[in-house]
Amino acid sequence: MRALLVGVDFGDADFNAGLDELALLASSAGVQPLSRVTGKRSAPDPAFYIGSGKVDEIAALAAEQKLDLVIFNHVLSPAQQRNLERKLDLRVLDRTSLILDIFAQRAQSHEGKVQVELAQLQHLATRLVRGWTHLERQKGGIGLRGPGETQLETDRRLIGERVKALRAQLSKLHRQRETQRRARGRNHTFSVSLVGYTNAGKSTLFNALTKAGVYVANQLFATLDTTSRKVYLGESVGNVVMSDTVGFVRDLPHQLVAAFRATLEETIHADVLLHVVDSASPVRLEQIEQVNLVLEEIGAHQIPQILVWNKIDVEDLPPAIERDEYDKIGRVFISAKSGAGLDLLRDAIAESAAAAASARQSRLEHELARLEAEQRLDFTVVPEASVAPVPCPYPLSHPVTHGGSK
């Protein structure tokens, strides 16, 4: 499909980088982006998001180049999307719909497909109003009162029932993951999760460390399903569990974050996060910020991180470990593709695992000491001569009676 990309500059410093990312997203979805239309505004237009003059420019360009699709690098309201489609007589997608479409193409596991379908239905539910041409009321049959449901109400009811069923399936999958995590917790297995911006090289690094053979491609969201493998790091540490998770992107749709919460919980329960960064990207600092925003949204921002500066072969940087003023590992410079610096990364993971084991042992010793202090009994021997006899409060000739009567 041939597409035209549309971006509106509201004064953002990374506007061009965002439009370049939209082109990568379109290519990842199997769309060929041919042209771009940009403009500057102080606020979105309520009817078309862009001005009516830009809409005419898009219509002329689409007719000239025989385009099939118009993709906006923004989130459109249902009314704006309908108005644009009527005016342009073309299919119009916003950024959220494009990302959902990519996720639908890439999901392989049952869990991934359930999560994507849930996110799509939640997005579709907001766009049913006058989004159909068959909204006439259905005829009431024999024995039925009134004109019956509208097709819109039927669609909403069916979507609601399907969403309920999908959430029940995800809840079951969540319980299964909880059982697996509890088993790892009982064995005190150190867990590592790879997080980072999409296409930063997480899956390539995961394969280099675990030999797992996870699908790798130079495209956004090449991997959606979480994969976990054991990695042996020597006698002092033993095995650690490493998980490869879905990549993040700026303005990640909230429906996807909510639907993929079960998958992202592998990140929440990790002992350390390997935050993989594309060191060759000119907007790497903004990408780090976007990843941290998503981590905060899912409640994983307090987990210790090691920044993994990947693709140093592109920048001709040497492999190295960078520490902060407290001698803690801050960054590790590697190339997952060439293998440079992977031994340093393994040492960094082993050091984190040893520190976590030491901290766990200290907590255990502290807890045992506290319990012993609470349960300690003070047996003090009192000399027999110093014990005074206790007088009986009742005369022996008058026995005590109970119940209030003699």
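Parameters and conventions
Residues numbered from 1 in each chain as written. Predicted model: local features only at pLDDT ≥ 70, side-chain atom pairs only at ≥ 80, totals over all residues. Heavy atoms only, no water. Buried < 20%, exposed > 50% of the residue type's maximum accessible area, 1.4 Å probe, protein only. Helix = DSSP H or I, 4+ residues; strand = E, 2+ residues; numbered from the N terminus. Contact = heavy atoms within 4.5 Å. Pairing = 2+ DSSP bridges. Axes fitted to C-alpha atoms, helices over the stretch in contact; angles between N-to-C directions. Parallel < 35°, antiparallel > 145°, perpendicular 65-115°, else oblique. Nonpolar A, V, L, I, M, F, W, Y, C, P; charged D, E, K, R; others polar. Left-handed = near helix turned anticlockwise from the far one by under 90°. Core = buried A, V, L, I, M, F, W, Y, C linked by side-chain atoms within 4.5 Å. Phe/Tyr/Trp six-rings, centres within 6.5 Å; stacked < 30°, edge-to-face > 60°.

Colleague: Looking at this structure, I do not really get helix α3 (residues 78-88). What am I missing?
Modeller: For an α-helix the count is 3.6 residues per turn, leaving residues at separations of three or four pointing the same way. Every buried residue of α3 is listed here: Gln 80, Gln 81, Arg 82, Leu 84 and Leu 88. Contact partners of the buried residues in α3: α2 (52-65), β3 (69-72) and β4 (91-93). Two residues or fewer past α3, Asp 89 is found with a positive phi of approximately 60 degrees.

Colleague: What is the right way to read the sheet that holds strand β1 (residues 2-9) from this model?
Modeller: By way of backbone hydrogen bonds, the strands of a sheet pair with one another, either parallel or antiparallel. Spatially, the four strands line up as an open sheet ordered β2-β1-β3-β4, and their pairing is parallel. Since the sheet does not close on itself, it has two edges, and those belong to β2 (32-40) and β4, each with one partner. Taken pair by pair, the neighbouring strands of this sheet meet at an average axis angle of 25 degrees, ignoring direction. Here three bridges tie β3 to β4, and the two strands are oriented parallel to one another. By the bridge assignment for β4, Leu 69 is matched with Arg 91. Packing against the sheet, α2 makes contact with β1, β2 and β3, and its axis sits at approximately 160 degrees to β2.

Colleague: Explanation requested: the packing of helix α7 (residues 202-210) against helix α12 (residues 342-375) in the structure shown.
Modeller: Two quantities define a packed helix pair, namely the angle between the helix axes and the distance between the axes. Where α7 contacts α12, the axes come no closer than 11 Å and their chain directions differ by 80 degrees. Taken as axis vectors, α7 and α12 run roughly perpendicular relative to one another. Between α7, through Leu 205, Ala 208 and Leu 209, and α12, the contact on the second element is made entirely by Leu 342, Leu 345 and Arg 346. Taken together, the residues of the contact of α7 with α12 break down into five nonpolar, no polar and one charged.

Colleague: In this structure, what is going on with the sheet that holds strand β10 (residues 320-323)? I would like to understand it.
Modeller: Ordered in space as β6-β7-β5-β8-β9-β11-β10, the seven strands form an open sheet in which the pairing is mixed. The two strands at the open ends of the sheet, each matched to only one other strand, are β6 (227-232) and β10. Across the sheet, the mean angle separating the axes of adjacent strands is 25 degrees when strand polarity is ignored. Bridge count for strand β5 (residues 190-196) against strand β8 (residues 272-278) is five bridges, and the pairing is parallel. Opposite Ser 193, over in β8, you have Leu 273 as the bridge partner. Relative to the sheet, α7 contacts β5, β6, β7 (239-244), β8 and β9 (305-310), its axis offset from that of β7 by approximately 155 degrees. The strands touched by helix α10 (residues 284-297) within the sheet are β5, β8 and β9, with β8 carrying the most contacts at an inclination of about 150 degrees.

Colleague: I tried to follow the packing of α2 against α3 on my own but got confused; where do I start?
Modeller: Close contact between α2 and α3 brings their axes to 10 Å; oriented N to C, the two are set at 50 degrees. With respect to α3, the axis of α2 lies oblique. As for the relative orientation of α2 and α3, their crossing is right-handed in sense. On the side of α2, the interface is formed by Val 55, Asp 56, Ile 58 and Ala 59, while α3 contributes Leu 84, Lys 87 and Leu 88.

Colleague: Just checking my understanding: could you explain the nonpolar core for this structure?
Modeller: When a protein is soluble and globular, its nonpolar side chains tend to lie buried together. Ranked by internal contacts, the top residues of the largest apolar core, which has 39 residues, are Ile 71, Phe 221, Phe 248 and Leu 295. For this core, the elements supplying multiple residues, two or more each, are β1, α1 (15-28), β3, α4 (95-106), α5 (110-125), α8 (254-259) and α10. Per-element accounting of this core gives the leading share, six residues, to α1. Those residues in contact with Leu 295 that sit more than four places away from it in its chain are Val 195, Phe 248, Thr 267, Leu 273, Ala 300, His 301 and Gln 305. Counting 27 residues, the second largest nonpolar core, distinct from the first, contains Ala 200, Leu 205, Val 231 and Ile 349.

Colleague: Even after reading the chapter, I still don't get the packing of aromatic side chains, so can you show me in this structure?
Modeller: Two measures describe an aromatic ring pair: the distance that separates the ring centres and the angle between the ring planes. Taken as a whole, this structure holds two aromatic pairs when the rule is applied. Relative to Tyr 49, the ring of Phe 10 has its centre 6.0 Å away and its plane inclined at 80 degrees; by these criteria the two rings are edge-to-face. Remark: Tyr 49 occurs in the loop between β2 and α2 and Phe 10 occurs in the loop between β1 and α1; sequence separation between them is 39 residues. Its relative accessible area of 28% is what places Phe 10 among the partly exposed residues. Here Tyr 49 falls in the buried class, since its relative accessible area comes to 9%. Ring geometry for Trp 309 and Phe 333: centres 6.2 Å apart, planes at 55 degrees, overall tilted. One end of the pair, Trp 309, is in strand β9; the other, Phe 333, is in strand β11 (residues 329-333), and 24 residues separate them in sequence.

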